[in-house]
Amino acid sequence: MNKLPSYKRVMLKVSGEALMGSRDYGLESATVRRIAEDVRGAVELGAEVCLVIGGGNIFRGIAGAAAGMDRAQADYMGMLATVMNALAMQSALEKQGLPTRVLSAIPMQSLCEPYIRRRAIRHMEKGRVVIFAAGTGNPFFTTDTAAALRAAEMECDALFKGTQVDGVYSADPRKNPKAERYVTLTYLDMLARDLLVMDAAAISLCRENKLPIIVFNIHEPGAFTAVMQGEGKFTTVVEQH
Ligand code: UDP
């Protein structure tokens, strides 16, 4: 039985880098498969699951801009990178037996469906896993903001942000052994302390829409389903402690 108020519909945000596994670029198929298995676990719990996947394992607009490209142009390349990741994840999810749809903010009819909010909701109601590709479709945004935006549009109960560590810490726990993990935080704590878990636009959007953010370790097998049931380690970000 779920210990938390059961999550009927959830958004999972996975960074592009999480798909690299032990590589330093691109996709590691074993890692993509493992995350797909975790998504299957969440679906088996009875939740409707949608995903936003980043593109940082392939291309980030800011890196293109630093190399002299026009920032907006580079951001469009970044959004295309998220489509590649979305297609890879779709394939892995389908291998797990999960019906999956990719909906892109930038229409690409030959590859996937265009993003249409009502259609996305319908897919989820029918038990399909929905992957939102191409971020928000706009340059100068991030896929964290896309995850917050789509989660609000889908009326998700929570945004699960899969990261490299099992929650939000007072300092980088991989560098500082005294770093402490927060059990709960407020949106304002996150913004005021500039905790670099999500960008400010994404946090503000979650705050305005009363969407809890749950930060957990995406690299720990089974963590997604455990955290959905209130087990294991994670940090919950809400309006008040
Ligand atoms: N991007 C964008 N608009 C969006 C989402 C993403 O322009 O709404 C671009 C941006 O260049 C970004 C890249 O896509 O650097 C990849 O997304 P992100 O950096 O958020 O990926 P992650 O860090 O999650 O892997």
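To keep things clear, this report deals only with the structure shown in the data block. Throughout, a residue's number is its position along its own chain's written sequence, starting from 1. In keeping with the model being predicted, local features are shown solely for residues with a pLDDT of at least 70 and side-chain atom pairs are shown and tallied solely at 80 or more, while totals for entire chains, interfaces and linings include all residues. Side-chain numbers here rest on the full set of heavy atoms in the structure, without hydrogens or water.

**Focus: the pairing of strand 2 (residues 48–53)**
So, point 1. Exposed residues in this analysis have more than 50% of their type's maximum accessible area, buried residues have under 20%, and partly exposed residues fall in between, with area computed by a 1.4 Å probe over protein chains only. Strands are runs of DSSP state E lasting at least 2 residues, helices are runs of H or I lasting at least 4, and numbering of each runs from the N terminus. Summarising burial for strand 2: six of the six residues are buried, a large majority.
So, point 2. The side-chain alternation of strand 2 yields two buried faces, one formed by Glu48, Cys50 and Val52 and the other by Val49, Leu51 and Ile53.
So, point 3. The pairing of strand 1 (residues 9–14) with strand 2 spans six bridges and is classified as parallel. Bridging from a neighbouring strand, Val10 pairs with Val49 of strand 2.
So, point 4. Read from strand 1 through helix 1 (residues 29–44) to strand 2, the crossover connection turns out right-handed. Strand pairing requires that DSSP identify at least two bridges connecting the strands. Look down the strands so they point away from you; if the path from the first strand over the helix to the second goes clockwise, the crossover is right-handed.

**Concerning the site of the ligand**
So, point 1. The environment of the ligand is made up of 21 residues, and the closest members are Arg60, Asp75, Thr136, Asn138 and Thr143.
So, point 2. Counting of polar contacts relies on pairs of N or O atoms within 3.5 Å, with two restrictions inside protein: one atom must be capable of donating a hydrogen and the other of accepting it, and residues adjacent in sequence are counted only when both atoms are side-chain atoms. One nitrogen or oxygen atom from the side chain of Lys13 is found 2.9 Å from an oxygen atom belonging to the ligand.
So, point 3. At 2.5 Å from an oxygen atom of the ligand is found a side-chain nitrogen or oxygen belonging to Asp75.
So, point 4. Protein contacts shield 93% of the accessible area of the ligand, which totals 520 Å² for the unbound molecule.
So, point 5. Cavity: a set of points on a 1 Å grid over the protein atoms alone where a 1.4 Å probe fits but cannot get out. Pocket: an open set with protein on both sides within 12 Å along at least five of seven lines, its lining residues, like those of a cavity, having an atom within 4 Å of a point. A molecule is said to be in a cavity or pocket once over half of its atoms fall within 2 Å of that pocket's grid points. More than half of the atoms belonging to the ligand lie within 2 Å of the grid points that define the largest pocket. Nearness here has a simple test: a residue counts as near a molecule or strand if at least one of its heavy atoms is within 4 Å of that partner. In this description, accessible areas are obtained by the Shrake-Rupley approach with a 1.4 Å probe, and a residue is regarded as covered only by the protein chains that are shown.

**Digging into unusual backbone geometry**
So, point 1. One non-glycine residue with positive phi stands out, namely Glu155, at about 55 degrees.
So, point 2. Of note, Glu155 is situated in the loop between helix 5 (143–153) and strand 6 (158–163).
So, point 3. Given the relative accessible area of 62%, Glu155 is considered exposed.
So, point 4. Of note in this structure, Lys210 is not a glycine but carries a positive phi near 50 degrees.
So, point 5. With respect to the element layout, Lys210 can be found in the loop between helix 7 (200–208) and strand 8 (213–217).
So, point 6. Its relative accessible area of 70% is what places Lys210 among the exposed residues.

**Overview of the environment of Ile62**
So, point 1. Assignment of secondary structure puts Ile62 in helix 2 (residues 61–66).
So, point 2. Classification of Ile62 as exposed rests on a relative accessible area of 55%.
So, point 3. Through-space distance from the C-alpha of Ile62 to that of Lys8 is 36 Å; in sequence the pair is 54 residues apart.
So, point 4. Contacts were defined at the residue level, with two residues in contact if any of their heavy atoms lie within 4.5 Å. Apart from the residues within four sequence positions on either side, Ile62 is in contact with Arg71 and Asp75.

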